[in-house]
Amino acid sequence: MARIGPVAVGAIAFVTACAPAEPPVRATTDEEPAVALVSAASAAMVTSAMVTSAMVTSADTRLGELIENTPGSVVAGERLNIELLRRFYARHGFAPVWTNRQSQAESLINAVSRAGDHGLAPELFHADVLRSPATVPALDRELLLSNALLSYADALARGAMPVERRKDDQVLAPEPIDVAAVLDAALGSSDPAAVIEALAPATPTYRALRQALQDLRAGTAVRGKTETTRLRALEVNLERERWLPRRLPPDRVWVNVADGQLVLYRDDQPVFSTRVIVGQDDSRNQSPEFQVSIEGLWFNPPWNIPSDIATQEILPKASRDPNYLARRNMVMLPDGGLQQAAGANSGLGQLMFYMNNRFDVYLHDTPSKHLFSRDDRRISHGCIRVEESRKLAALLMQQPVDAIDQAIAAGTTTWGALPKPVPVFVVYETAFADVDGKLQFRADIYGRDAEIWQSLDPKRRERRMVAERAAPDQRQR
(Lines give C-alpha, C1' and ligand atoms only; values in the text may rest on other atoms or scores of the structure.)
Protein backbone atom coordinates (compact mmCIF):
# COMPACT_ATOMS: atom_id res chain seq x y z
CA MET A 1 0.00 0.00 0.00
CA ALA A 2 2.95 2.32 0.67
CA ARG A 3 3.86 2.42 -3.01
CA ILE A 4 0.52 3.85 -4.13
CA GLY A 5 1.06 7.33 -2.75
CA PRO A 6 4.31 8.08 -4.59
CA VAL A 7 2.84 6.90 -7.89
CA ALA A 8 -0.12 9.23 -7.50
CA VAL A 9 2.26 12.12 -6.85
CA GLY A 10 4.29 11.04 -9.84
CA ALA A 11 1.15 11.19 -11.96
CA ILE A 12 0.89 14.93 -11.41
CA ALA A 13 4.64 15.37 -11.85
CA PHE A 14 4.45 13.46 -15.12
CA VAL A 15 1.89 15.90 -16.48
CA THR A 16 3.49 19.12 -15.31
CA ALA A 17 7.06 18.10 -16.10
CA CYS A 18 6.13 17.78 -19.75
CA ALA A 19 5.16 21.46 -19.96
CA PRO A 20 7.85 23.70 -21.52
CA ALA A 21 8.92 26.65 -19.37
CA GLU A 22 9.09 28.84 -22.49
CA PRO A 23 7.24 28.84 -25.83
CA PRO A 24 8.45 25.75 -27.67
CA VAL A 25 11.17 26.33 -30.23
CA ARG A 26 12.66 23.63 -32.40
CA ALA A 27 16.40 24.31 -32.56
CA THR A 28 17.63 21.50 -34.81
CA THR A 29 16.17 18.55 -36.63
CA ASP A 30 17.82 16.23 -34.08
CA GLU A 31 15.97 17.63 -31.08
CA GLU A 32 12.71 16.26 -29.74
CA PRO A 33 9.70 18.30 -30.91
CA ALA A 34 8.32 20.33 -28.05
CA VAL A 35 5.01 18.57 -27.67
CA ALA A 36 4.10 16.94 -24.40
CA LEU A 37 1.64 16.89 -21.56
CA VAL A 38 1.19 20.39 -20.18
CA SER A 39 -0.31 21.73 -17.00
CA ALA A 40 -3.35 23.99 -17.14
CA ALA A 41 -1.24 27.00 -16.16
CA SER A 42 1.38 26.33 -18.83
CA ALA A 43 -1.27 25.64 -21.43
CA ALA A 44 -2.69 29.10 -20.88
CA MET A 45 0.74 30.58 -21.72
CA VAL A 46 1.06 28.76 -25.01
CA THR A 47 -0.93 30.69 -27.59
CA SER A 48 -2.07 29.37 -30.90
CA ALA A 49 0.39 31.68 -32.62
CA MET A 50 3.28 29.92 -30.93
CA VAL A 51 2.26 26.43 -32.04
CA THR A 52 2.67 26.48 -35.77
CA SER A 53 1.13 23.97 -38.14
CA ALA A 54 4.63 22.96 -39.22
CA MET A 55 5.53 21.92 -35.67
CA VAL A 56 2.35 19.90 -35.27
CA THR A 57 2.99 18.15 -38.57
CA SER A 58 6.54 17.44 -37.49
CA ALA A 59 5.34 16.01 -34.18
CA ASP A 60 2.78 13.83 -35.90
CA THR A 61 5.42 12.47 -38.25
CA ARG A 62 7.93 11.79 -35.47
CA LEU A 63 5.32 10.06 -33.31
CA GLY A 64 4.34 7.73 -36.14
CA GLU A 65 8.01 6.99 -36.81
CA LEU A 66 8.61 6.18 -33.15
CA ILE A 67 5.73 3.75 -33.09
CA GLU A 68 6.75 2.00 -36.27
CA ASN A 69 10.52 2.06 -35.91
CA THR A 70 11.32 1.84 -32.18
CA PRO A 71 14.17 -0.71 -31.90
CA GLY A 72 13.07 -3.68 -29.86
CA SER A 73 9.81 -1.91 -28.98
CA VAL A 74 11.59 -0.27 -26.03
CA VAL A 75 11.45 3.38 -24.94
CA ALA A 76 13.37 4.66 -21.91
CA GLY A 77 14.04 1.06 -20.96
CA GLU A 78 10.32 0.25 -20.93
CA ARG A 79 8.79 -2.30 -23.28
CA LEU A 80 5.92 -1.07 -25.45
CA ASN A 81 2.91 -2.80 -26.95
CA ILE A 82 3.35 -1.47 -30.45
CA GLU A 83 0.14 -3.01 -31.77
CA LEU A 84 -2.00 -1.31 -29.13
CA LEU A 85 -0.20 2.01 -29.65
CA ARG A 86 -0.64 1.77 -33.40
CA ARG A 87 -4.37 1.14 -33.04
CA PHE A 88 -4.79 3.97 -30.56
CA TYR A 89 -2.84 6.62 -32.45
CA ALA A 90 -4.37 5.63 -35.79
CA ARG A 91 -7.62 6.93 -34.31
CA HIS A 92 -5.86 10.30 -33.79
CA GLY A 93 -3.94 10.60 -37.03
CA PHE A 94 -0.73 9.77 -35.11
CA ALA A 95 -0.88 13.15 -33.42
CA PRO A 96 0.05 13.61 -29.73
CA VAL A 97 -2.99 13.05 -27.54
CA TRP A 98 -2.07 14.34 -24.10
CA THR A 99 -0.92 17.87 -24.90
CA ASN A 100 -4.20 19.49 -23.85
CA ARG A 101 -5.60 16.75 -21.65
CA GLN A 102 -4.01 17.28 -18.25
CA SER A 103 -7.05 16.44 -16.14
CA GLN A 104 -7.75 13.22 -18.05
CA ALA A 105 -4.09 12.20 -17.77
CA GLU A 106 -4.03 12.80 -14.01
CA SER A 107 -7.25 10.83 -13.51
CA LEU A 108 -6.03 7.89 -15.57
CA ILE A 109 -2.54 7.75 -14.10
CA ASN A 110 -4.03 7.83 -10.62
CA ALA A 111 -6.09 4.81 -11.67
CA VAL A 112 -2.90 3.03 -12.76
CA SER A 113 -1.31 3.91 -9.41
CA ARG A 114 -4.13 1.94 -7.76
CA ALA A 115 -3.53 -1.16 -9.89
CA GLY A 116 -2.53 -2.97 -6.72
CA ASP A 117 -6.21 -3.00 -5.73
CA HIS A 118 -6.66 -5.49 -8.59
CA GLY A 119 -3.60 -7.53 -7.65
CA LEU A 120 -1.56 -5.87 -10.42
CA ALA A 121 1.78 -4.20 -9.73
CA PRO A 122 1.81 -0.56 -10.95
CA GLU A 123 5.37 -1.22 -12.14
CA LEU A 124 3.88 -3.38 -14.90
CA PHE A 125 2.59 -0.11 -16.34
CA HIS A 126 5.73 2.08 -16.20
CA ALA A 127 5.11 3.38 -12.67
CA ASP A 128 8.84 3.93 -12.10
CA VAL A 129 9.10 6.18 -15.14
CA LEU A 130 5.90 8.00 -14.28
CA ARG A 131 7.51 8.97 -10.97
CA SER A 132 10.42 10.75 -12.72
CA PRO A 133 9.09 11.99 -16.07
CA ALA A 134 11.54 14.87 -16.56
CA THR A 135 14.30 12.43 -17.56
CA VAL A 136 12.37 11.23 -20.62
CA PRO A 137 12.13 13.12 -23.96
CA ALA A 138 8.73 14.59 -24.76
CA LEU A 139 7.50 12.18 -27.43
CA ASP A 140 8.81 9.21 -25.46
CA ARG A 141 6.75 10.46 -22.52
CA GLU A 142 3.72 10.66 -24.78
CA LEU A 143 4.17 7.05 -25.86
CA LEU A 144 4.91 5.76 -22.36
CA LEU A 145 1.81 7.37 -20.92
CA SER A 146 -0.40 5.96 -23.66
CA ASN A 147 1.24 2.56 -23.39
CA ALA A 148 0.76 2.51 -19.61
CA LEU A 149 -2.94 3.28 -19.93
CA LEU A 150 -3.54 0.90 -22.82
CA SER A 151 -1.64 -1.92 -21.07
CA TYR A 152 -3.53 -1.36 -17.83
CA ALA A 153 -6.86 -1.38 -19.68
CA ASP A 154 -5.80 -4.54 -21.51
CA ALA A 155 -4.80 -6.25 -18.25
CA LEU A 156 -8.17 -5.46 -16.68
CA ALA A 157 -10.05 -6.48 -19.82
CA ARG A 158 -8.44 -9.87 -20.45
CA GLY A 159 -5.64 -10.41 -17.97
CA ALA A 160 -2.00 -9.52 -17.62
CA MET A 161 -1.34 -13.04 -18.91
CA PRO A 162 -3.73 -13.20 -21.89
CA VAL A 163 -4.56 -16.43 -23.66
CA GLU A 164 -1.77 -16.14 -26.25
CA ARG A 165 0.80 -16.21 -23.43
CA ARG A 166 -0.64 -19.22 -21.63
CA LYS A 167 -0.22 -22.92 -22.17
CA ASP A 168 -2.57 -24.44 -24.68
CA ASP A 169 -4.67 -26.24 -22.07
CA GLN A 170 -5.63 -22.93 -20.42
CA VAL A 171 -7.89 -21.27 -22.95
CA LEU A 172 -10.56 -19.44 -20.98
CA ALA A 173 -10.96 -15.92 -22.36
CA PRO A 174 -13.46 -13.06 -22.11
CA GLU A 175 -15.17 -11.38 -25.03
CA PRO A 176 -12.84 -9.36 -27.29
CA ILE A 177 -12.59 -5.71 -26.25
CA ASP A 178 -11.01 -2.86 -28.24
CA VAL A 179 -9.07 -1.15 -25.46
CA ALA A 180 -7.95 1.61 -27.85
CA ALA A 181 -11.60 2.53 -28.31
CA VAL A 182 -12.17 2.29 -24.56
CA LEU A 183 -9.31 4.71 -23.86
CA ASP A 184 -10.80 7.07 -26.43
CA ALA A 185 -14.14 6.85 -24.62
CA ALA A 186 -12.36 7.62 -21.35
CA LEU A 187 -10.91 10.80 -22.85
CA GLY A 188 -14.41 12.10 -23.47
CA SER A 189 -15.81 11.04 -20.10
CA SER A 190 -16.30 13.15 -17.00
CA ASP A 191 -14.74 10.25 -15.05
CA PRO A 192 -12.04 8.72 -17.27
CA ALA A 193 -10.76 6.35 -14.58
CA ALA A 194 -14.22 4.84 -14.08
CA VAL A 195 -14.37 3.95 -17.79
CA ILE A 196 -11.12 1.99 -17.53
CA GLU A 197 -11.98 0.39 -14.18
CA ALA A 198 -15.27 -0.88 -15.65
CA LEU A 199 -13.24 -3.32 -17.75
CA ALA A 200 -12.54 -5.44 -14.66
CA PRO A 201 -14.87 -8.31 -13.66
CA ALA A 202 -17.71 -7.76 -11.21
CA THR A 203 -18.25 -11.39 -10.20
CA PRO A 204 -18.80 -12.30 -6.54
CA THR A 205 -15.43 -14.04 -6.50
CA TYR A 206 -13.62 -11.01 -7.93
CA ARG A 207 -15.21 -8.73 -5.34
CA ALA A 208 -14.41 -11.16 -2.52
CA LEU A 209 -10.80 -11.52 -3.63
CA ARG A 210 -10.33 -7.75 -3.86
CA GLN A 211 -11.80 -7.26 -0.39
CA ALA A 212 -9.58 -9.99 1.04
CA LEU A 213 -6.57 -8.41 -0.62
CA GLN A 214 -7.44 -5.05 0.90
CA ASP A 215 -7.91 -6.61 4.33
CA LEU A 216 -4.64 -8.51 4.08
CA ARG A 217 -2.68 -5.40 3.17
CA ALA A 218 -4.36 -3.49 5.97
CA GLY A 219 -2.89 -6.00 8.41
CA THR A 220 -5.97 -8.00 9.40
CA ALA A 221 -4.20 -11.30 8.66
CA VAL A 222 -1.30 -13.00 10.38
CA ARG A 223 2.07 -11.72 9.17
CA GLY A 224 4.73 -14.01 7.78
CA LYS A 225 4.78 -16.94 5.37
CA THR A 226 1.02 -17.46 5.61
CA GLU A 227 0.41 -13.87 4.60
CA THR A 228 2.74 -14.12 1.61
CA THR A 229 1.11 -17.35 0.43
CA ARG A 230 -2.39 -15.91 0.77
CA LEU A 231 -1.37 -12.67 -0.94
CA ARG A 232 -0.09 -14.56 -3.97
CA ALA A 233 -3.17 -16.77 -4.08
CA LEU A 234 -5.42 -13.72 -4.06
CA GLU A 235 -3.50 -11.95 -6.81
CA VAL A 236 -3.21 -15.07 -8.96
CA ASN A 237 -6.92 -15.83 -8.75
CA LEU A 238 -7.90 -12.22 -9.45
CA GLU A 239 -5.96 -12.75 -12.66
CA ARG A 240 -7.88 -15.96 -13.39
CA GLU A 241 -11.18 -14.10 -12.93
CA ARG A 242 -10.08 -11.68 -15.65
CA TRP A 243 -9.94 -14.62 -18.05
CA LEU A 244 -13.70 -15.17 -17.73
CA PRO A 245 -16.57 -13.60 -19.68
CA ARG A 246 -17.74 -10.36 -18.07
CA ARG A 247 -21.33 -11.63 -18.11
CA LEU A 248 -21.43 -15.25 -17.07
CA PRO A 249 -24.40 -17.20 -18.46
CA PRO A 250 -27.10 -17.30 -15.75
CA ASP A 251 -27.58 -21.03 -16.43
CA ARG A 252 -24.24 -22.82 -16.32
CA VAL A 253 -22.31 -25.79 -15.02
CA TRP A 254 -19.22 -24.81 -13.03
CA VAL A 255 -16.45 -27.32 -12.42
CA ASN A 256 -13.59 -26.18 -10.21
CA VAL A 257 -10.82 -28.72 -10.71
CA ALA A 258 -8.82 -27.48 -7.72
CA ASP A 259 -11.90 -27.86 -5.50
CA GLY A 260 -13.06 -31.20 -6.92
CA GLN A 261 -16.64 -29.93 -7.09
CA LEU A 262 -19.32 -29.28 -9.71
CA VAL A 263 -22.04 -26.66 -9.22
CA LEU A 264 -25.10 -26.13 -11.41
CA TYR A 265 -26.45 -22.58 -11.57
CA ARG A 266 -29.89 -21.45 -12.70
CA ASP A 267 -30.61 -17.76 -12.97
CA ASP A 268 -27.21 -17.20 -11.34
CA GLN A 269 -28.26 -19.19 -8.28
CA PRO A 270 -26.65 -22.50 -7.25
CA VAL A 271 -29.25 -25.28 -7.36
CA PHE A 272 -27.11 -28.44 -7.24
CA SER A 273 -23.57 -29.51 -6.38
CA THR A 274 -21.70 -32.79 -6.41
CA ARG A 275 -18.18 -34.13 -6.10
CA VAL A 276 -16.10 -34.87 -9.18
CA ILE A 277 -12.99 -36.81 -10.09
CA VAL A 278 -10.48 -34.84 -12.17
CA GLY A 279 -7.23 -35.38 -14.06
CA GLN A 280 -4.02 -36.69 -12.56
CA ASP A 281 -1.14 -34.46 -11.50
CA ASP A 282 1.19 -35.20 -14.40
CA SER A 283 0.88 -32.55 -17.11
CA ARG A 284 -0.26 -35.02 -19.79
CA ASN A 285 -3.37 -35.99 -17.82
CA GLN A 286 -4.33 -32.74 -16.11
CA SER A 287 -7.85 -31.42 -16.71
CA PRO A 288 -7.69 -28.33 -18.95
CA GLU A 289 -9.35 -24.95 -18.34
CA PHE A 290 -11.94 -24.17 -20.98
CA GLN A 291 -15.53 -23.25 -21.76
CA VAL A 292 -17.91 -25.24 -23.96
CA SER A 293 -21.60 -26.21 -24.03
CA ILE A 294 -23.27 -29.46 -23.04
CA GLU A 295 -25.46 -30.32 -26.00
CA GLY A 296 -26.99 -33.61 -24.91
CA LEU A 297 -26.56 -36.96 -23.19
CA TRP A 298 -25.50 -40.38 -24.34
CA PHE A 299 -27.26 -43.10 -22.40
CA ASN A 300 -25.25 -46.34 -22.09
CA PRO A 301 -22.34 -44.98 -24.14
CA PRO A 302 -19.55 -47.17 -25.48
CA TRP A 303 -16.08 -45.83 -24.77
CA ASN A 304 -13.92 -45.09 -27.77
CA ILE A 305 -10.62 -45.25 -25.96
CA PRO A 306 -8.22 -42.41 -26.82
CA SER A 307 -5.24 -43.63 -28.81
CA ASP A 308 -2.67 -42.51 -26.26
CA ILE A 309 -4.41 -44.43 -23.47
CA ALA A 310 -4.79 -47.48 -25.71
CA THR A 311 -1.15 -47.37 -26.84
CA GLN A 312 0.49 -46.55 -23.54
CA GLU A 313 -1.67 -48.42 -21.05
CA ILE A 314 -4.10 -50.97 -22.46
CA LEU A 315 -2.39 -52.63 -25.42
CA PRO A 316 0.85 -53.40 -23.51
CA LYS A 317 -1.26 -55.25 -20.90
CA ALA A 318 -3.21 -57.03 -23.65
CA SER A 319 0.05 -58.20 -25.23
CA ARG A 320 0.95 -59.93 -21.96
CA ASP A 321 -2.56 -61.30 -21.27
CA PRO A 322 -4.58 -62.67 -24.23
CA ASN A 323 -7.84 -62.42 -22.24
CA TYR A 324 -7.31 -58.87 -21.00
CA LEU A 325 -9.51 -57.17 -23.63
CA ALA A 326 -12.30 -59.77 -23.44
CA ARG A 327 -12.60 -59.48 -19.67
CA ARG A 328 -13.10 -55.76 -20.03
CA ASN A 329 -15.53 -55.92 -22.97
CA MET A 330 -13.00 -54.24 -25.25
CA VAL A 331 -12.72 -54.87 -28.98
CA MET A 332 -10.49 -53.68 -31.78
CA LEU A 333 -12.42 -51.68 -34.38
CA PRO A 334 -11.86 -52.00 -38.15
CA ASP A 335 -10.07 -48.64 -38.19
CA GLY A 336 -7.59 -49.86 -35.58
CA GLY A 337 -9.19 -48.04 -32.69
CA LEU A 338 -10.05 -49.64 -29.39
CA GLN A 339 -13.58 -49.56 -27.95
CA GLN A 340 -15.12 -50.71 -24.70
CA ALA A 341 -18.74 -51.87 -25.07
CA ALA A 342 -21.55 -50.06 -23.28
CA GLY A 343 -22.63 -51.36 -19.90
CA ALA A 344 -22.53 -50.74 -16.18
CA ASN A 345 -18.78 -51.43 -16.15
CA SER A 346 -17.89 -49.15 -19.04
CA GLY A 347 -15.23 -46.54 -18.29
CA LEU A 348 -17.86 -43.87 -19.07
CA GLY A 349 -20.41 -45.47 -16.80
CA GLN A 350 -24.00 -45.23 -18.02
CA LEU A 351 -24.12 -41.52 -18.88
CA MET A 352 -21.92 -39.18 -20.86
CA PHE A 353 -22.56 -35.44 -21.08
CA TYR A 354 -21.55 -34.58 -24.62
CA MET A 355 -19.59 -31.36 -25.05
CA ASN A 356 -17.66 -30.97 -28.27
CA ASN A 357 -14.13 -29.73 -27.55
CA ARG A 358 -10.63 -30.17 -28.90
CA PHE A 359 -9.40 -31.68 -25.64
CA ASP A 360 -11.83 -34.65 -25.85
CA VAL A 361 -12.69 -33.97 -22.22
CA TYR A 362 -16.23 -34.78 -21.06
CA LEU A 363 -18.37 -35.04 -17.97
CA HIS A 364 -19.46 -38.63 -17.43
CA ASP A 365 -20.62 -41.30 -15.02
CA THR A 366 -18.31 -44.01 -13.63
CA PRO A 367 -18.80 -47.51 -12.21
CA SER A 368 -16.18 -46.82 -9.52
CA LYS A 369 -18.42 -44.91 -7.09
CA HIS A 370 -16.20 -45.63 -4.10
CA LEU A 371 -13.52 -43.31 -5.47
CA PHE A 372 -15.61 -40.23 -4.68
CA SER A 373 -15.00 -40.76 -0.96
CA ARG A 374 -11.29 -40.03 -1.44
CA ASP A 375 -9.83 -36.66 -0.50
CA ASP A 376 -7.45 -36.92 -3.44
CA ARG A 377 -9.69 -37.38 -6.48
CA ARG A 378 -7.09 -36.57 -9.14
CA ILE A 379 -7.08 -39.96 -10.84
CA SER A 380 -8.60 -39.56 -14.33
CA HIS A 381 -6.92 -38.97 -17.69
CA GLY A 382 -8.38 -35.46 -17.82
CA CYS A 383 -12.12 -36.13 -18.06
CA ILE A 384 -14.50 -35.19 -15.25
CA ARG A 385 -16.31 -38.07 -13.51
CA VAL A 386 -19.52 -36.93 -11.81
CA GLU A 387 -20.67 -38.56 -8.59
CA GLU A 388 -24.41 -37.81 -8.84
CA SER A 389 -24.55 -37.94 -12.62
CA ARG A 390 -28.22 -39.01 -12.81
CA LYS A 391 -29.39 -36.03 -10.77
CA LEU A 392 -27.34 -33.70 -12.93
CA ALA A 393 -28.75 -35.32 -16.08
CA ALA A 394 -32.32 -34.90 -14.82
CA LEU A 395 -31.77 -31.22 -14.08
CA LEU A 396 -30.18 -30.54 -17.44
CA MET A 397 -32.86 -32.50 -19.33
CA GLN A 398 -35.58 -30.90 -17.18
CA GLN A 399 -36.96 -34.36 -16.46
CA PRO A 400 -37.47 -36.42 -13.29
CA VAL A 401 -34.68 -38.77 -12.27
CA ASP A 402 -37.05 -41.70 -13.02
CA ALA A 403 -37.02 -40.77 -16.70
CA ILE A 404 -33.22 -40.88 -16.71
CA ASP A 405 -33.28 -44.26 -14.95
CA GLN A 406 -35.70 -45.65 -17.53
CA ALA A 407 -33.52 -44.56 -20.43
CA ILE A 408 -30.53 -46.25 -18.81
CA ALA A 409 -32.50 -49.40 -17.96
CA ALA A 410 -33.38 -49.87 -21.65
CA GLY A 411 -29.78 -50.95 -22.10
CA THR A 412 -29.34 -49.52 -25.57
CA THR A 413 -27.11 -46.64 -26.57
CA THR A 414 -29.42 -43.66 -27.13
CA TRP A 415 -29.04 -39.91 -27.52
CA GLY A 416 -31.01 -37.27 -25.66
CA ALA A 417 -30.66 -33.63 -26.68
CA LEU A 418 -30.93 -31.01 -23.95
CA PRO A 419 -33.87 -28.58 -24.27
CA LYS A 420 -31.15 -26.01 -24.89
CA PRO A 421 -27.36 -26.25 -24.66
CA VAL A 422 -25.96 -25.37 -21.24
CA PRO A 423 -22.52 -23.74 -20.95
CA VAL A 424 -19.97 -25.54 -18.82
CA PHE A 425 -16.86 -23.91 -17.40
CA VAL A 426 -13.96 -26.08 -16.33
CA VAL A 427 -11.84 -23.75 -14.17
CA TYR A 428 -8.89 -23.99 -11.81
CA GLU A 429 -9.48 -21.69 -8.85
CA THR A 430 -7.26 -21.97 -5.77
CA ALA A 431 -9.07 -19.03 -4.10
CA PHE A 432 -12.75 -18.36 -4.75
CA ALA A 433 -16.08 -17.37 -3.21
CA ASP A 434 -18.22 -20.44 -2.51
CA VAL A 435 -21.99 -20.64 -3.04
CA ASP A 436 -22.51 -18.83 0.26
CA GLY A 437 -20.13 -16.04 -0.69
CA LYS A 438 -17.44 -17.20 1.74
CA LEU A 439 -13.84 -17.01 0.56
CA GLN A 440 -12.23 -20.43 0.18
CA PHE A 441 -8.64 -21.50 -0.49
CA ARG A 442 -7.51 -24.75 -2.07
CA ALA A 443 -4.13 -26.35 -2.69
CA ASP A 444 -2.41 -25.62 -6.00
CA ILE A 445 -2.61 -29.28 -7.01
CA TYR A 446 -1.25 -28.79 -10.54
CA GLY A 447 1.36 -26.16 -9.61
CA ARG A 448 -0.15 -23.60 -11.98
CA ASP A 449 -0.13 -20.62 -9.62
CA ALA A 450 3.61 -20.04 -9.86
CA GLU A 451 3.53 -19.48 -13.60
CA ILE A 452 0.79 -16.86 -13.31
CA TRP A 453 2.65 -15.21 -10.43
CA GLN A 454 5.68 -14.79 -12.68
CA SER A 455 3.54 -12.82 -15.13
CA LEU A 456 2.31 -10.58 -12.32
CA ASP A 457 5.76 -9.91 -10.85
CA PRO A 458 7.46 -7.16 -12.92
CA LYS A 459 11.02 -8.52 -12.63
CA ARG A 460 10.12 -12.14 -13.25
CA ARG A 461 7.82 -11.16 -16.09
CA GLU A 462 10.62 -9.33 -17.88
CA ARG A 463 12.96 -12.31 -17.50
CA ARG A 464 10.27 -14.61 -18.85
CA MET A 465 9.60 -12.34 -21.84
CA VAL A 466 13.30 -12.29 -22.68
CA ALA A 467 13.40 -16.10 -22.50
CA GLU A 468 10.32 -16.41 -24.70
CA ARG A 469 11.79 -14.12 -27.34
CA ALA A 470 14.88 -16.32 -27.35
CA ALA A 471 12.80 -19.50 -27.78
CA PRO A 472 9.35 -18.53 -29.12
CA ASP A 473 8.44 -22.08 -30.09
CA GLN A 474 8.54 -23.13 -26.44
CA ARG A 475 5.84 -20.68 -25.34
CA GLN A 476 3.08 -23.25 -25.47
CA ARG A 477 3.09 -26.96 -25.01
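Residues numbered from 1 in each chain as written. Predicted model: local features only at pLDDT ≥ 70, side-chain atom pairs only at ≥ 80, totals over all residues. Heavy atoms only, no water.

### Remarks on the packing of helix α5 (residues 102–113) against helix α7 (residues 138–158)
- Relative orientation of the contacting elements α5 and α7 amounts to 55°, with a least axis distance of 10 Å. Comparing their axes, α7 and α5 come out oblique. The handedness of the crossing between α5 and α7 is left-handed. Facing α5, whose interface residues are Ala105, Leu108, Ile109, Ala111 and Val112, α7 presents Leu145, Ala148, Leu149 and Tyr152. (Axes fitted to C-alpha atoms, helices over the stretch in contact; angles between N-to-C directions. Helix = DSSP H or I, 4+ residues; strand = E, 2+ residues; numbered from the N terminus. Parallel < 35°, antiparallel > 145°, perpendicular 65-115°, else oblique. Left-handed = near helix turned anticlockwise from the far one by under 90°. Contact = heavy atoms within 4.5 Å.)

### Thoughts on unusual backbone geometry
- The phi angle at phenylalanine 94 is positive, at roughly 55°, despite the residue not being glycine.
- Looking at the secondary structure, you find phenylalanine 94 in the loop between α4 (82–90) and α5.
- Of the residues examined, phenylalanine 94 reaches a relative accessible area of 22% and is grouped as partly exposed.
- The backbone phi angle of glutamine 398 is positive, close to 60°, even though this residue is not glycine.
- Structurally, glutamine 398 can be placed in the loop between α14 (389–397) and α15 (401–409).
- The exposure class of glutamine 398 is exposed, given its relative accessible area of 57%. (Buried < 20%, exposed > 50% of the residue type's maximum accessible area, 1.4 Å probe, protein only.)

### Re the side chain of arginine 448
- Summarising the element assignment, arginine 448 is placed in the loop between β16 (439–441) and α16 (449–456).
- With residues near it in sequence (within four places) discarded, arginine 448 still touches Asp169, Gln170, Arg240, Gln286, Ser287, Pro288, Glu289 and Tyr428.

### Observations concerning the packing of aromatic side chains
- The tally for this structure, following the rule as stated, stands at eight aromatic pairs.
- Where tryptophan 254 meets phenylalanine 425, the ring centres are 5.2 Å apart and the plane angle is 35°; that geometry is what we call tilted. Note that tryptophan 254 is positioned in strand β3 (residues 252–256) and phenylalanine 425 in strand β14 (residues 414–427), a separation of 171 residues in sequence. Summarising the burial analysis for this pair, tryptophan 254 and phenylalanine 425 share the class buried.
- Aromatic pair tyrosine 354 and tryptophan 415: ring centres 6.1 Å apart, planes at 75°, arrangement edge-to-face. Taken together, the residues tyrosine 354 in strand β10 (residues 351–354) and tryptophan 415 in strand β14 connect sequence positions 61 residues apart. (Phe/Tyr/Trp six-rings, centres within 6.5 Å; stacked < 30°, edge-to-face > 60°.)

### As for empty space enclosed by the protein
- This model, assessed by the stated rule, comprises two cavities of 30 Å³ or more.
- If you add up the space inside the largest cavity, you get close to 50 Å³.
- For the largest cavity, the full set of lining residues is Leu172, Arg240, Glu241, Trp243, Leu244, Glu289, Val427, Tyr428 and Glu429.
- In the lining of the largest cavity, the residues fall into five nonpolar, no polar and four charged. (1 Å grid on protein atoms, 1.4 Å probe; cavity = no way out; pocket = protein on both sides within 12 Å on 5 of 7 lines; lining within 4 Å. Points joined across faces, edges and corners; volume = space filled by probe spheres on them. Nonpolar A, V, L, I, M, F, W, Y, C, P; charged D, E, K, R; others polar.)

### Points about α5
- In this model α5 runs 16 Å from its N-terminal to its C-terminal C-alpha over 12 residues, within 8% of the 16 Å that 1.5 Å per residue would give.
- Along α5, 10 of the 12 residues are buried, which leaves the element largely enclosed by surrounding structure.
- Taken residue by residue, α5 has Gln102, Gln104, Ala105, Glu106, Ser107, Leu108, Ile109, Ala111, Val112 and Ser113 as its buried positions. (Expected span 1.5 Å × (residues − 1).)

### Comments concerning the confidence of the model for the protein
- Summary statistics for the protein give a mean pLDDT of 85 and a share of 82% for residues scoring 70 or more.
- Low confidence marks residues 1–56, where pLDDT is under 50. Its contacts with residues over four positions away, or in another chain, come to 94 contacts.
- Contacts for the low-pLDDT stretch residues 473–477, under 50 throughout, to residues beyond four places or in other chains number 12 contacts. (pLDDT = per-residue confidence, 0-100.)

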